[in-house]
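Structural features, examined
Take a look at the letters that make up each chain.
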Amino acid sequence: MKIIQTVEVKQILTENSKAKLIGSLQTNKDQLLKECDQLKFEQKKMEKQKKFDTAKIKRYFTNEIDLRQEKIKHLEFQIEQIHMLPLGSEIKEKEVQSLIDINVGDNWDEVTSARTIVIKEGIVEEIR
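Residues numbered from 1 in each chain as written. Predicted model: local features only at pLDDT ≥ 70, side-chain atom pairs only at ≥ 80, totals over all residues. Heavy atoms only, no water.

A few points about helix 1 (residues 15-49)
Counted at 1.5 Å a residue, the expected span for helix 1 with its 35 residues is 51 Å, and the 51 Å between its end C-alpha atoms agrees. When we look at burial in helix 1, the residues that qualify are S17, K18, I22, L25, K29, L32, C36, L39 and Q43. For helix 1, the elements touching its buried residues are strand 1 (2-12) and helix 2 (54-84). A positive backbone phi angle near 55° is found at K50, which sits one or two residues after helix 1. (Helix = DSSP H or I, 4+ residues; strand = E, 2+ residues; numbered from the N terminus. Expected span 1.5 Å × (residues − 1). Buried < 20%, exposed > 50% of the residue type's maximum accessible area, 1.4 Å probe, protein only. Contact = heavy atoms within 4.5 Å.)

Shown next, in the form of structure tokens:
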């Protein structure tokens, strides 16, 4: 019988991977900042049209901007944390699904124990 198990994928932090990770987070942060600017522009545009209730418009756009600001703060925190991590640290990158064969007589704890794939510079270093 085959079952599906979740496998954690960890990345060993190197200069290269650290720079890529920070770059990716910075790109996401920049995108959110652009969205905030766009939302502010749209808000002013809608307020000038006077087709809708100004209070509702302000509430909606303030809420949307606040959501993005929270995401920006979270990304800034992640960037700070990555700067503090020493090279060689293992960080969780993602989780993937794996098929596992289960047979009569197998030790359940061994077969279903948590598995981890460790990657360094895009190459599988270890499977635990």
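Description of the nonpolar core
Judged by nonpolar contacts, I22, L25, L32, C36, L39, I57, F61, I65, I72, L75, I79 and I82 together constitute the single largest core of 12 residues. Contributing elements (two or more residues each) for this core: helix 1 and helix 2. Per element, the largest residue contribution to this core is 7 residues, and it comes from helix 2. Contact partners of I82, with chain neighbours within four places excluded, come to L13, K18, L21, I22 and L25. (Core = buried A, V, L, I, M, F, W, Y, C linked by side-chain atoms within 4.5 Å.)

Brief notes about the environment of E90
With respect to the helices, strands and loops of the structure, E90 is situated in strand 2 (residues 90-101). Of the residues examined, E90 reaches a relative accessible area of 34% and is grouped as partly exposed. C-alpha separation for the pair E90 and I12, spaced 78 residues apart in sequence, amounts to 4.5 Å. Ignoring anything within four residues of it in the chain, the contact list for E90 reads K10, Q11, I12, V118 and R128. At 2.5 Å, the side chain of E90 and the side chain of R128 are in polar contact. (Polar contact = N/O pair within 3.5 Å; in protein donor to acceptor, adjacent residues only side chain to side chain.)

Description of the packing of helix 1 against helix 2
Axis separation between helix 1 and helix 2 bottoms out at 9 Å; the angle between their running directions is 170°. Here helix 2 runs roughly antiparallel to helix 1, going by the angle between their axes. In this structure, helix 1 crosses over helix 2, and the sense of that crossing is left-handed. Among the residues forming the contact of helix 1 with helix 2, the class breakdown is 15 nonpolar, 7 polar and 11 charged. (Axes fitted to C-alpha atoms, helices over the stretch in contact; angles between N-to-C directions. Parallel < 35°, antiparallel > 145°, perpendicular 65-115°, else oblique. Left-handed = near helix turned anticlockwise from the far one by under 90°. Nonpolar A, V, L, I, M, F, W, Y, C, P; charged D, E, K, R; others polar.)

A few points about the pairing of strand 4 (residues 123-127)
As defined by bridge partners, strand 3 (residues 115-120) adjoins strand 4 across 4 bridges and the pair is classed as antiparallel. Its bridge partner lying in strand 4, V118 is registered against E126. The antiparallel pairing of strand 3 with strand 4 creates a hairpin that spans 2 residues between the two strands, and E121 there sits at a positive phi of about 55°. (Pairing = 2+ DSSP bridges.)

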